[in-house]
Amino acid sequence: MNKNYFKLALRNIGNNKLFSAINILGLATGLTCCLLMILFIMNEIRYDKFHVRSGQIFRVTSIPEDAAEKSLAVTPAPWAPLMKNDYPEIKNYVRLLKDEKCLVGQPGEQHYYEKDLLFCDNSFFDIFSFSLVQGDPKHALEQPNSIILTKKAAIKYFGSIDPIGKSIEVATSFGRSFNLQVTGVANDAPPYSHIKFNGLISMSTMGDISGFWSFHMFHTYVLLANGASAKSLEIKFKNFTEKYLSQNANADGKHDISLQPLTDIHLYSKMVGEIGTNGDIIYVFIFSGVALLVLLIACFNFINLSTVRSLKRAKEVGLRKVIGAGRHQLIQQFLGESLLIAVFSMGLAFVITILVLPYFNQLAERNLSISISGNYFLILGFIGLAIVIGILAGLYPASVLSSFRPVEVLKGSFQKGVKGGSLRKALVTFQFLISITLISSTILVYIQLQYIKNKKLGFEKDEVIVISLPREDNMQKLETFKASLLNKQGIISVAAASSVPGTNIPVNQIHEEGAALNNNRSMQMLFVDHEFIKTMQMKVVAGRDFSKLFSTDENEGFIINQEAIKQLGWRSAEQAIGKTFQWVIPGNVLKTGKVIGVVENFNVTPLKSPVEPLVMHINPQRLQYLYIRFNNLTAGKAIDIVARQYKNFYAAQPIDYNFLNDTITAMYASENKLGKIFGYFSILAILIACMGILGLSIYSSQQRLKEIAIRKILGAGMRNIVAELSKEFLKPVFVASVIAFPLAWWAMNTWLANFAYRININWLVFLCASVIVMLIASVTVSFQVIKVAIASPVKSLRTE
């Protein structure tokens, strides 16, 4: 019997090639989206779970008392040892200090910039489950001037030579250079680790860091003892604050200290000073939801196309019932057909997934893979999903087909009924609702990204090259290098600074004139040279720019932004000029000076965040980047000029450069990714919906052949017939639009709330989305409608 059902199912699929192709291709597309999202979600939620004791590892975070809105992912160095000493719940700790711009190489050989070099305590391998290929994990980082390289880095610097015991030079971005001995080789960090590194340097190489009370620079991780409660320990940290921070002249004030689970960092953490770029649970939900919606559209297509075929198979069902077929047998047969289509769709989905996965990896910036070995649960889960979809999608059509009454069917009266019509209209409406919502969201994401791209940032970002400066104390050499660039045609300005947009700008303490001794303000500190404001074309709203004509500027001059004026409580920019304040660290005044100028607010962080109060002053020893503005040159020509001059002055060190515009664009990688995924899924949703509409229009026009013929005989024109047939498919678009508008507005307004600078949602966006869907639906339907409308009425009536 089952074999017979299988043959019947294959025969019915073959006899209805167009409907079967639409169903299989539609379901395969939906399943492909679902499979890609399953791979993506599995990768995201597995972050940091490979560590054997991941459930016991927590990162120490804090919120400063004077900046309650800022959560810090970094802590001062002395905290961890004292915490371990005071609280038996802490079994061990490790501190990481990341240097994002080290110059590394063998003595006398080519040096390269490394962005993922970590200083760490010797307990690193006791807490984390990273593994060594060579070396002793318990002692490799015990001694000062020790370094562990990853396999990739070892090959880069030593080739096929065994690196153990060899020397390597490291020049850090904070002005210190070391000659280190390679004591181990580690396996490269897994792609699902939030801690990435090319090398690990022993923390003792830094010397005594026990006095770094005010420098929030270290990522601190603690390993809790079995059974210890992180929540209970957080409560005890209030005593830690009172004991070590409140009365400590070297500390920077009270902090609300918390413990963040290691496995929460990648998806849930957006703190100041993150060790790397994290994911976002919101985007996981968005991508998953969109993929599920596309799958739902495919399932709705299947239900619709299966139910509309019910009339065509009505006589078959009636005859089978007359000769004794029971309802359960009919349901079994039709569910079998549904499952067969689901199986075919699943196989096609696997093939499509394998083909598109490289492009999806490029879009999602992941390294996802699909294979049978090691992915048994994924494969079995996906097969189960396909079977469930096949059953659920085929259950209603099977129930409809099996419920036909033989007498009505054979008399022909059943075809006059409207059984399933309301459901079909509801499903078509829901398909269009999803499509309109996705298209509206895509348009709004695009408009917001264009707004970000074109918004005035307070400086001119175009036609600026940023290069990394070698760590040298020879300031005269730097000035000569800058002068040599200015002598080249097309180079109009050159300046240096300590940071670039998108990186963490150090936050320092400012003590304003006349304030209480312990009343300090946290402000970003940007170290620049005399030409920086001019080169970046910032607007000075009060006072003046730095100038070499004023010899006191280097030692006493401060320029602040408008947000700093607001935080300091001064009435105007003009009032700020001449005000005196100090750049301080607890227990020490680093510089005393006065405000010589105020610049318009400028954004150096993503526009999700508001402008921070910022102070600029001259400090040649802290300059790390050179900004070169060019004009009337192609980008390639400008780079050639800069590279040649750089080689003349710093031949032993490689040039590392970026265009400022590209750097700022990279700050919105997640948003760009969201826009692209919305766009692709919108296209898929429309494509699947239109395949369903095409199938339904074919069915509808076939059912109304006699009506159309009679209308033509009575004088109806082509336009009237096309309008009449198209109306039933355009009405759901209108209904879907009315429902989709508030849903899309709510969803995108929620997303835009993450931006400090955002667009206002215009109702024309939703109207545009509806018009797009209506036009696409009209074009899809028109081919079949026109074909039926121009058919000979005599032939249609003869056929009927």
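Residues numbered from 1 in each chain as written. Predicted model: local features only at pLDDT ≥ 70, side-chain atom pairs only at ≥ 80, totals over all residues. Heavy atoms only, no water.

**Q** Explain the overall build of the protein to me, using residue names and the numbers behind them.
**A** On a plain count of helices and strands, the protein comes out with 25 helices and 23 strands. Relative to its 800 residues, the protein shows a buried fraction of 52%. Put simply, of all contacts in the protein between residues at least 6 apart along the chain, 79% involve residues at least 24 apart. Total accessible area on the protein is roughly 36,500 Å²; 57% of this is exposed by carbon and sulfur atoms. (Helix = DSSP H or I, 4+ residues; strand = E, 2+ residues; numbered from the N terminus. Buried < 20%, exposed > 50% of the residue type's maximum accessible area, 1.4 Å probe, protein only. Contact = heavy atoms within 4.5 Å. Areas by Shrake-Rupley, 256 points an atom, 1.4 Å probe, with all protein chains shown as cover.)

**Q** Explain helix H5 (residues 151-158) to me, using residue names and the numbers behind them.
**A** Taken together, the buried positions of H5 are occupied by Ala-153, Ala-154, Tyr-157 and Phe-158. In an axial view of H5, the angular spread of the buried residues amounts to 100 degrees, which keeps them on one side of the axis. More than 90 degrees from the buried face of H5, the exposed residues found are Lys-152 and Ile-155. Here the buried face of H5 lies against strand S3 (102-105), strand S4 (112-114), strand S7 (146-150), strand S8 (167-171) and strand S9 (177-186). Gly-159 lies just past H5 and shows a positive phi near 60 degrees. (Arc of directions from axis to C-beta.)

**Q** Residues and numbers for the packing of helix H3 (residues 79-86) against helix H6 (residues 230-246), please.
**A** Put simply, H3 and H6 touch, their axes get as near as 12 Å, and they point 120 degrees apart. Considering the angle they form, H3 stands oblique to H6. Crossing of H3 against H6: the hand is right-handed. Of the residues in H6, those in contact with Trp-79, Leu-82, Met-83 and Asp-86 of H3 are Phe-237, Phe-240, Lys-243, Tyr-244 and Leu-245. (Axes fitted to C-alpha atoms, helices over the stretch in contact; angles between N-to-C directions. Parallel < 35°, antiparallel > 145°, perpendicular 65-115°, else oblique. Left-handed = near helix turned anticlockwise from the far one by under 90°.)

**Q** Give me the lowdown on helix H14 (residues 475-486), citing residues and values where you can.
**A** Between its first and last C-alpha atoms H14 spans 17 Å; for twelve residues at 1.5 Å apiece the expected length is 16 Å, and the two agree. Where H14 is buried, its residues contact strand S13 (464-468), strand S14 (491-497), strand S22 (625-630) and helix H19 (635-649). (Expected span 1.5 Å × (residues − 1).)

**Q** Which residues make up the nonpolar core, and what are the values?
**A** Core analysis: the biggest nonpolar cluster contains 94 residues, and Phe-459, Phe-532, Phe-602, Met-616 and Tyr-627 have the highest contact counts within it. For this core, the element with the most residues is helix H8 (residues 281-308), which contributes 13 residues. Excluding residues within four positions of it along the chain, Phe-532 makes contact with Ala-495, Ala-496, Ala-497, Leu-526, Met-538, Met-616 and Tyr-627. (Core = buried A, V, L, I, M, F, W, Y, C linked by side-chain atoms within 4.5 Å.)

**Q** Pulling in residues and values, what's your account of the packing of aromatic side chains?
**A** Scanning the model with the defined rule gives 29 aromatic pairs in all. Taking the centre distance of 6.5 Å and the plane angle of 65 degrees together, the rings of Phe-237 and Phe-240 count as edge-to-face. You can see Phe-237 and its partner Phe-240 sitting in helix H6, three residues apart, about one turn around the helix. Look at Phe-237 and you get buried, because its relative accessible area is 1%. Judged by centre distance (4.8 Å) and plane angle (35 degrees), the rings of Phe-558 and Phe-581 are tilted. In this pair, Phe-558 is assigned in strand S18 (residues 557-561) and Phe-581 in strand S19 (residues 580-585), connecting sequence segments 23 residues apart. Three or more aromatic residues joined by ring pairs form one cluster here, namely Phe-50, Phe-124, Phe-125, Phe-128, Phe-130, Tyr-192, Phe-197 and Tyr-221. (Phe/Tyr/Trp six-rings, centres within 6.5 Å; stacked < 30°, edge-to-face > 60°.)

**Q** Would you mind going over a nonpolar patch on the surface in detail, with residue names and values included?
**A** Residues Phe-734, Val-735, Val-738, Ile-739 and Leu-743 make up a contiguous nonpolar surface patch of about 450 Å² in total accessible area. If you trace the backbone, Val-735 turns up in helix H23 (residues 718-752). (Patch = residues over 30% accessible without salt bridge, like charges linked within 9 Å, V, L, I, M, F, W, Y side chains within 5 Å. Salt bridge = Lys/Arg side-chain N within 4 Å of Asp/Glu carboxyl O.)

**Q** Before we move on, can you summarise the pairing of strand S21 (residues 614-618) with the specific residues and values?
**A** The element S21 is largely enclosed, with a buried count of five among its five residues. The alternating pattern of S21 places Leu-614, Met-616 and Ile-618 on one face and Val-615 and His-617 on the opposite face, and all of these are buried. Inspection of the sheet shows strand S16 (residues 521-528) paired to S21 by five bridges, in the parallel sense. For Leu-526, the partnering residue across the bridge sits in S21 and is Met-616. (Pairing = 2+ DSSP bridges.)

**Q** Give a detailed account of the side chain of Thr-442, specifying residues and quantitative values.
**A** Among the structural elements, Thr-442 can be located in helix H13 (residues 421-454). By relative accessible area, Thr-442 is classed as buried at 18%. Leaving out residues up to four positions away in the same chain, Thr-442 has contacts with Gly-675, Phe-678, Gly-679 and Ser-682.

Just distances and angles here, no functional claims.
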